[in-house]
Amino acid sequence: MKERRVDFWFLASILALLAAGFIIFISASMGLYARDGASFTHIISRQILFGFVFGGIGLIIMSQVHYRNLRRYAFYLFLASIFVSLFVFVPGIGFESGGARRWISIGSLSFQPSELLKIGFVIYLSAWLSGIKSKMHSFKYGIIPFVLLMGLVSAILLAEPDAGTLLVIGLSAGSMYIAAGANMKDILTLGVIACVFAAIVVAWKPYILDRVMTFANPLSDPQGSGFQVKQSLIAIGSGQVFGRGFGQSVQKFSYLPEPIGDSIFAVAGEEFGFVGSTTLLALFTTFLLLGLRIAKHAPDLFGGLLVVGIVILIVSQSLINIASMLGVFPLSGMPLIFVSHGGTALAVTLTSLGIVLNVSKYQRI
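Residues numbered from 1 in each chain as written. Predicted model: local features only at pLDDT ≥ 70, side-chain atom pairs only at ≥ 80, totals over all residues. Heavy atoms only, no water.

A. The arrangement of the layout of surface pockets in detail. The calculated volume of the second largest pocket comes to roughly 1,000 Å³. Forming the walls of the second largest pocket are 37 residues, and the residues nearest its centre are Leu166, Leu167, Ala194, Phe197 and Ala198. Elements with a minimum of two residues in the lining of the second largest pocket: helix H6 (139-159), helix H7 (163-179), helix H8 (184-204) and helix H9 (206-216). A per-class count over the lining of the second largest pocket returns 27 nonpolar, 8 polar and 2 charged. (1 Å grid on protein atoms, 1.4 Å probe; cavity = no way out; pocket = protein on both sides within 12 Å on 5 of 7 lines; lining within 4 Å. Points joined across faces, edges and corners; volume = space filled by probe spheres on them. Helix = DSSP H or I, 4+ residues; strand = E, 2+ residues; numbered from the N terminus. Nonpolar A, V, L, I, M, F, W, Y, C, P; charged D, E, K, R; others polar.)

Set out below in structure tokens:
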């Protein structure tokens, strides 16, 4: 394979999302500073250091490492990501917040190991699907092992619990299975299994059922479970066409929960209006299309599946977050990638995008 430069337009889409996200993040952080007295400098500096600096280094390194090397170590990378994820259940290392044990704390550094689990799973699934290409239509060698893999990931994430991440992984895994050559029978079978599993989880986990019921009728408890959606819609509606202007959000100062977390799109909608919101959506759409183009022209199935998995992970989580803030999807509690607070999560995202850029260097033109 002849090595070329990384895909310029895909890299440009990443940089555009980073720039737009950081502008929104700066403004949202002002609200947290004014409301809770949090150190504005501390918030921004951590995002720059752990997200932009570490993430940038990871992106550069992985864009230089040939993606085929990942196939050799895919199984061990997946095992390592599972092992790290289990640390959330270890007292003194994993810690609980908001009724969930999703974080690991090491000194002053805290992060969600599910970020590593997502990319570890995508790498292994890419290697596995490209290896069983001739057998993937077999129920015994295709669907059953796939369901067992998803079952393992589901058990870990639902124990935390983190249904949002599980949904994103499921969407990515399903997209990869289709991209690997699944026929209509395979898709329908997995679709039925996924629907049955989703129904069981919703009935089993009260907090998920509560979110679904709130989504169905957000006005049933406007000061309780429906509060975040209500305030988000007020913020977005207040932005109208062109927005109040940078730094001028009212909701972020007094009413909107998690203004630098999963509610940050509402801040963007209030300050930059319909025009700014649709521009952000256009950036994500461009990112998706350019990523899928790289996957289409990848030199082999493994590389193509890697790109599909990583790009769908990022875009599906982002669109679910935005849909939640618009009230057209149940609240997920997941951050908006490239925009929300979370330096380590951004670092993992950028590092994984280094893999996509490496695949782009070997595209079949």
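On we go.
B. The sheet that holds strand S2 (residues 100-106), seen in detail. Reading across from one edge, S1-S2-S3 is the order of the 3 strands in this open sheet, with antiparallel pairing throughout. Either end of the sheet is taken by a strand with one partner, and the two such strands are strand S1 (94-97) and strand S3 (109-111). Taking each pair of neighbouring strands and ignoring which way they run, the sheet shows an average axis angle of 40 degrees. (Pairing = 2+ DSSP bridges. Axes fitted to C-alpha atoms, helices over the stretch in contact; angles between N-to-C directions.)

C. Local environment of a nonpolar patch on the surface. A contiguous nonpolar surface patch, about 490 Å² in accessible area, is contributed by Ile48, Leu49, Val53, Phe54, Ile57 and Ile61. Along the chain, the position of Ile48 falls in helix H2 (residues 40-64). For Ile48, a relative accessible area of 35% puts it in the partly exposed group. (Patch = residues over 30% accessible without salt bridge, like charges linked within 9 Å, V, L, I, M, F, W, Y side chains within 5 Å. Areas by Shrake-Rupley, 256 points an atom, 1.4 Å probe, with all protein chains shown as cover. Salt bridge = Lys/Arg side-chain N within 4 Å of Asp/Glu carboxyl O. Buried < 20%, exposed > 50% of the residue type's maximum accessible area, 1.4 Å probe, protein only.)

D. Region of the structure containing the packing of H7 against helix H13 (residues 301-325). Relative orientation of the contacting elements H7 and H13 amounts to 145 degrees, with a least axis distance of 8 Å. Crossing handedness for the pair H7 and H13: right-handed. Contact residues: H7 offers Leu167, Val168, Ile169, Leu171, Ser172, Ser175, Met176 and Ala179, while H13 offers Leu301, Leu305, Val308, Gly309, Ile312, Leu313, Ser316, Gln317 and Ile320. Grouping the amino acids of the contact of H7 with H13 by side-chain chemistry returns 12 nonpolar, 5 polar and no charged. (Left-handed = near helix turned anticlockwise from the far one by under 90°. Contact = heavy atoms within 4.5 Å.)

E. Local environment of the nonpolar core. Counting 93 residues, the largest nonpolar core has Phe10, Phe338 and Leu353 as its most contacted members. The dominant element in this core, judged by the number of residues it contributes, is H13, at 14 residues. Not counting residues up to four positions away in its chain, the partners in contact with Phe10 are Phe287, Leu290, Gly291, Ile294, Val311, Leu353, Val356 and Leu357. (Core = buried A, V, L, I, M, F, W, Y, C linked by side-chain atoms within 4.5 Å.)

F. Local environment of the pattern of salt bridges. Under the criterion given, the structure shown has 5 salt bridges. Put simply, Glu270 and Arg244 hold a salt bridge, and the shortest N to O gap is 2.9 Å. Residue Glu270 is located in helix H12 (residues 264-296), and its partner Arg244 is located in the loop between helix H10 (227-239) and helix H11 (251-254); the two are separated by 26 residues in the primary sequence. A relative accessible area of 0% means that Glu270 is categorised as buried. Between Lys252 and Glu271 there is a salt bridge, with its nearest N and O atoms 2.8 Å apart. In this pair, Lys252 is assigned in helix H11 and Glu271 in helix H12, connecting sequence segments 19 residues apart. For Lys252, a relative accessible area of 0% corresponds to the buried category. For Glu271, a relative accessible area of 1% corresponds to the buried category.

G. A look at the environment of Phe78. Considering the arrangement of structural elements, one finds Phe78 in helix H4 (residues 74-85). For Phe78, a relative accessible area of 3% puts it in the buried group. Separated by 277 residues in sequence, Phe78 and Ile355 have C-alpha atoms that sit 16 Å apart.

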